[in-house]
Amino acid sequence: GTVESVASVVLKPQIAGVIVDIRFEEGADVRAGDPLVLFDARPYEAALHSIEAELARDTALADDAKRAAGQIEEALQKSAVSKRSAEQAHAAFAAADATVRRDQAALETARLNLDYCTVRAPFDGRTGKLSVRRGSVVKANETELVTVSRIVPIRVAFAVPQAHLTEIRKAAADAPPIVRAEVPGSEVPVEGTLTFIDNAVDTTSGTIGLLATFANQDRSLWPGQYVQVLLRTGVERGVVIVPSRAVQRSQKGDFVFVVGKDNAVEMRLITVKRTSADSAVVSQGLSPGDVVVTDGQLRLVPGARVDPRQPSAEASR
């Protein structure tokens with residue numbers, strides 16, 4: 001499997017400007033909302049003040065137009081002015097009111113631009129390498145500033161043959177199956193849960209994509225890292241398990257060499273229920289405690305005597 005961040009984003013400025021301050025260290029942990037990069041806010045403050053002045057002027061004009069329209073409406077009721085004059089007064093007030101609403105929208109945009117002068121962390125995460133420095137001139141929505149990735153929690157992407165899909169879905173129906181990731185250089189596996197099954201089988205490889213989520217409080221998993229993944233879909237109790245290398249195949253079926261009295265071997269047919277990378281579950285033919293041959297089977301025939309030896313720690317893994 002491959003370790004990947006739950007969330008990762010490349011921060012870009014939403015305005016053009018000059019960087020005046022950087023508030024974080026490369027590779028540092030940040031919290032959601034922390035200020036990371038500050039731009040020169042003076043041009044945007046000036047633009048904000050200008051729009052505030054325009055809004056104040058247009059609001060005063062709109063109030064005057066409203067009063068004028070009211071006076072003309074009263075005069076119209078007394079037949080002192082024409083209906084056309086009243087219509088023109090109402091139109092002037094509507095235009096002035098629309099200008100005020102336009103100024104209010106422009107004021108909101110100016111406030112947003114001023115707020116964009118501070119680039120903040122979108123979520124809790126860890127920063128990557130900074131792509132700019134103080135004094136850099138950046139372009140809106142173009143210049144890449146820094147990447148922020150969430151690594152607590154974290155997830156591992158892996159794939160399994162489609163033959164296991166039914167088994168995995170059945171296990172996931174009861175509770176999220178346990179997933180263990182073996183980190184290179186660490187003797188203790190990290191435990192998480194299966195949280196995603198892809199909605200289609202990859203027809204080119206015949207596999208189904210899966211995702212497992214890990215708490216990763218100790219940060220033993222790192223984005224981009226390769227790990228060995230073990231997905232546990234269930235527990236079978238009371239079964240006989242032998243090393244896969246002990247199982248041989250013949251025209252009559254699967255068999256193993258069982259060591260009996262006087263270290264003589266017999267060829268015993270077995271029924272293998274399931275195999276994995278290093279073990280096989282035997283449903284018939286063996287009993288707990290049977291001694292089987294795991295090496296040198298090509299030199300054996302039924303009745304031959306062997307010299308039993310315990311496998312080395314490396315070979316028995």
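Report follows, based on the coordinates. For clarity, every value in this text was computed on a predicted model and none was experimentally measured.

## Some words on a nonpolar patch on the surface
A cluster of nonpolar side chains, namely Val18, Val20 and Val137, defines an oily patch on the protein surface of about 250 Å² accessible area. Note on placement: Val18 falls in strand β2 (residues 17-22). Since its relative accessible area comes to 32%, Val18 is described here as partly exposed.

## Some thoughts on helix α2 (residues 83-115)
A rise of 1.5 Å per residue sets the reference length of α2, with its 33 residues, at 48 Å; its end C-alpha atoms lie 48 Å apart and thus fit the reference within 8%. For α2, the complete set of buried residues consists of Ala86, Ala89, Ala96, Val100, Asp103, Leu107 and Ala110. Those residues of α2 hidden inside the fold are in contact with α1 (42-77).

## Topic: the sheet that holds strand β4 (residues 35-39)
Strands sit in the order β5-β4-β2-β7 across an open sheet of four strands; the sheet is antiparallel. Two strands lie at the open edges of the sheet, namely β5 (118-120) and β7 (137-138), each paired on one side alone. Across two bridges, β2 lies against β7 in antiparallel orientation. From the neighbouring strand, Gly17 faces β7, where its bridge partner is Val138.

## Here we look at the layout of surface pockets
One number sums up the size of the largest pocket: a volume of about 1,500 Å³. Residue lining of the largest pocket: 34 residues in total, with Leu230, Leu231, Arg232, Thr233 and Ser276 positioned closest to the centre. Counting residues per element, the ones that place at least two in the lining of the largest pocket are β8 (146-161), α3 (165-174), β9 (178-182), β12 (228-232), β17 (271-275) and β18 (279-284). The element best represented in the lining of the largest pocket is β12, accounting for five residues. In terms of residue class, the lining of the largest pocket is built from 17 nonpolar, eight polar and nine charged.

## Here we look at the nonpolar core
With 21 residues, the main nonpolar core has Ile19, Phe24, Leu36, Val37, Phe39, Leu145 and Val148 as its most contacted residues. No other element matches the three residues that β4 contributes to this core. If we ignore the near neighbours within four places in the chain, the residues touching Phe24 are Leu36, Val37, Thr127, Leu130 and Val146. Core analysis: the next-biggest nonpolar cluster, separate from the first, contains 19 residues, Ile168, Val190, Ala212 and Val227 among them.

## A closer look at the packing of aromatic side chains
For the structure on display, the rule yields one aromatic pair. Ring centres of Phe255 and Phe257 lie 5.5 Å apart, and the angle between their planes is 90 degrees; on these two criteria the pair is classed as edge-to-face. Both residues of the pair, Phe255 and Phe257, count as buried.

## Remarks on the environment of Asp34
Mapped onto the elements of the fold, Asp34 is located in the loop between β3 (29-30) and β4. What makes Asp34 partly exposed here is its relative accessible area of 28%. Sequence-wise, Asp34 and Phe123 are 89 residues apart; in three dimensions their C-alpha atoms are separated by 8.9 Å. Every residue in contact with Asp34, bar those within four places of it in the chain, is listed here: Val119, Arg120 and Ala121. A polar side-chain atom of Asp34 sits 2.8 Å from the main-chain amide nitrogen of Arg31.

Quick notes on the rules
Residues numbered from 1 in each chain as written. Predicted model: local features only at pLDDT ≥ 70, side-chain atom pairs only at ≥ 80, totals over all residues. Heavy atoms only, no water. Patch = residues over 30% accessible without salt bridge, like charges linked within 9 Å, V, L, I, M, F, W, Y side chains within 5 Å. Areas by Shrake-Rupley, 256 points an atom, 1.4 Å probe, with all protein chains shown as cover. Salt bridge = Lys/Arg side-chain N within 4 Å of Asp/Glu carboxyl O. Helix = DSSP H or I, 4+ residues; strand = E, 2+ residues; numbered from the N terminus. Buried < 20%, exposed > 50% of the residue type's maximum accessible area, 1.4 Å probe, protein only. Expected span 1.5 Å × (residues − 1). Contact = heavy atoms within 4.5 Å. Pairing = 2+ DSSP bridges. 1 Å grid on protein atoms, 1.4 Å probe; cavity = no way out; pocket = protein on both sides within 12 Å on 5 of 7 lines; lining within 4 Å. Points joined across faces, edges and corners; volume = space filled by probe spheres on them. Nonpolar A, V, L, I, M, F, W, Y, C, P; charged D, E, K, R; others polar. Core = buried A, V, L, I, M, F, W, Y, C linked by side-chain atoms within 4.5 Å. Phe/Tyr/Trp six-rings, centres within 6.5 Å; stacked < 30°, edge-to-face > 60°. Polar contact = N/O pair within 3.5 Å; in protein donor to acceptor, adjacent residues only side chain to side chain.

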